Amino acid sequence: MANTSQPLRRTALLASGVALLGLLTACGTEGATSSGTPRPSEAARTAGANPGSGTPTSGDTAPPVGAAPTDTAGSASASARTDGRCHTAELRATVGRVDPGAGQRNFPVVLTNTSDRTCTVYGYPGAAFVDASGKQLGPDPERAPGSPGTVTLTPGKSAWAGLSFSSPQISGARTATPAALLVTPPDEREPLKVAWTAGEVPVGGNASSVSVTALEAGTGP
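Everything numeric in this text was worked out from a predicted model, so none of it was measured.

Engineer: What's the story with the pattern of salt bridges in this structure? I'm lost.
Structural biologist: Close approach of charged atoms allows side chains with opposite charge to pair. Under the criterion given, the structure shown has two salt bridges. A salt bridge links Arg85 to Glu188; the nearest nitrogen and oxygen atoms lie 2.8 Å apart. Pair noted here: Arg85 is in the loop between α4 (72-81) and β1 (91-95) and Glu188 is in the loop between β10 (180-184) and β11 (192-195), with a separation of 103 residues, a long-range link. What makes Arg85 partly exposed here is its relative accessible area of 24%. Glu90 serves as the salt-bridge partner of Arg117, at 2.6 Å between the closest nitrogen and oxygen. Of this pair, Arg117 sits in the loop between β2 (104-113) and β3 (119-122) while Glu90 sits in the loop between α4 and β1; the two residues are 27 residues apart in sequence, bridging distant segments of the chain. Its relative accessible area of 15% is what places Glu90 among the buried residues.

Engineer: Before we go on, may I ask you to explain the side chain of Glu188 in this structure?
Structural biologist: In this structure Glu188 comes out as buried when scored by relative accessible area, which is 18%. Engagement of the side chain of Glu188 in a polar contact is seen with the side chain of His87, the distance being 3.0 Å. For Glu188, the side chain forms a polar contact with the main-chain nitrogen of Thr88, separated by 3.3 Å.

Engineer: Whenever I open this one, the state of the cysteines confuses me. Can you help?
Structural biologist: Covalently bonding the sulfur atom of one cysteine to the sulfur atom of another cysteine gives a disulfide. On inspection of all chains with the given rule, the structure shows one disulfide. Here Cys86 pairs with Cys119 through a disulfide, and the sulfurs are 2.0 Å apart. Across the S-S bond of Cys86 and Cys119 the torsion is about 95°, and the bridge reads as right-handed. Note that Cys86 is positioned in the loop between α4 and β1 and Cys119 in strand β3, a separation of 33 residues in sequence. Judged by relative accessible area, which is 1%, Cys86 ranks as buried.

Engineer: Any chance you could explain the environment of Ala207 here in plain terms?
Structural biologist: Relative to the helices and strands, Ala207 is located in the loop between β12 (201-204) and β13 (210-212). Owing to a relative accessible area of 28%, Ala207 belongs among the partly exposed residues under this scheme. For Ala207 and Ser171, which are 36 residues apart along the polypeptide, the C-alpha to C-alpha distance reads 5.9 Å. With sequence-adjacent residues up to four places away left out, Ala207 is seen in contact with Ser166, Ser171, Ala173 and Pro202.

Engineer: Is there a simple way to think about the confidence of the model for the chain in this case?
Structural biologist: Low-confidence regions, as indicated by low pLDDT, have predicted coordinates that should not be scrutinised in detail. For the chain, mean pLDDT is 74; residues scoring 70 or higher make up 62% of the total. Every residue in residues 7-82 scores below 50 in pLDDT, and together they form 15 contacts with partners more than four places removed in sequence or on other chains.

What counts as what
- Along each chain, the written sequence defines residue order, and numbers are assigned to residues from 1.
- Reporting of local features is limited, given that this is a predicted model, to residues whose pLDDT is at least 70; pairs of side-chain atoms are given and counted only at 80 or more, and all residues count toward the totals for whole chains, interfaces and linings.
- With hydrogens and water set aside, each side-chain value is computed from the structure's full complement of heavy atoms.
- Think of a salt bridge as a Lys or Arg side-chain nitrogen and an Asp or Glu carboxyl oxygen that are within 4 Å of each other.
- Note on conventions: DSSP H or I runs of at least 4 residues are helices, E runs of at least 2 residues are strands, and numbering of each starts at the N terminus.
- We call a residue buried when its accessible area falls under 20% of the maximum for its residue type, exposed when it is over 50%, and partly exposed in between, using a 1.4 Å probe and counting protein chains only.
- Each polar contact in these results corresponds to two N or O atoms within 3.5 Å; when the atoms are within protein, one needs to be able to donate a hydrogen and the other to accept it, and residues that are neighboring in sequence are counted only if both atoms are side-chain atoms.
- By disulfide we mean two sulfur atoms from cysteines, separated by a distance within 2.5 Å.
- Pairs of residues are marked as contacts when any of their non-hydrogen atoms sit within 4.5 Å.
- Along the chain, pLDDT gives the predictor's confidence residue by residue, from 0 to 100.

Here it is as structure tokens:
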């Protein structure tokens, strides 16, 4: 009788090897598809990233709670500290001597920088005649046509504007004698008070208008 046990053992060993190879292959591919793309279970563990980009979402880059915003207020404060405008408290107002001509009375109204810094004035000063009680006499002066420019005032330097009106003796306007002239620098609210010693000014009637020019460098003509 032929011995058949030897071929049977080789067949059994071959079958066992094939089965073991299949088991190892299955273990090596668990958790991945044939393309290597993560299965849903792994994708869930990487939530919070943009698919395929590997970069955080906007939620991941949001600033932490309590983080300071952009300091726009600080920028505004810095701007205020470097404001070049001359303020009322930094100026002195005076009225120069009358310059009569062609029935007009013209006065230079002078603003002088009394501070220790350089500052600027631009445009028209405000002006108002007042009596001893502070009551305004007549209307506000009109602005004379002109082209205002920025005047830079180093400490001690001045700018002037012309204050003009028709001579009351010629115009026949109703008059009053002011105690003071209030001069308000451009873009300011607080006026400077200057004693008025030049006599009567027009305060009513058709020929009572007073005009003021824009500021320019110097102390007058």
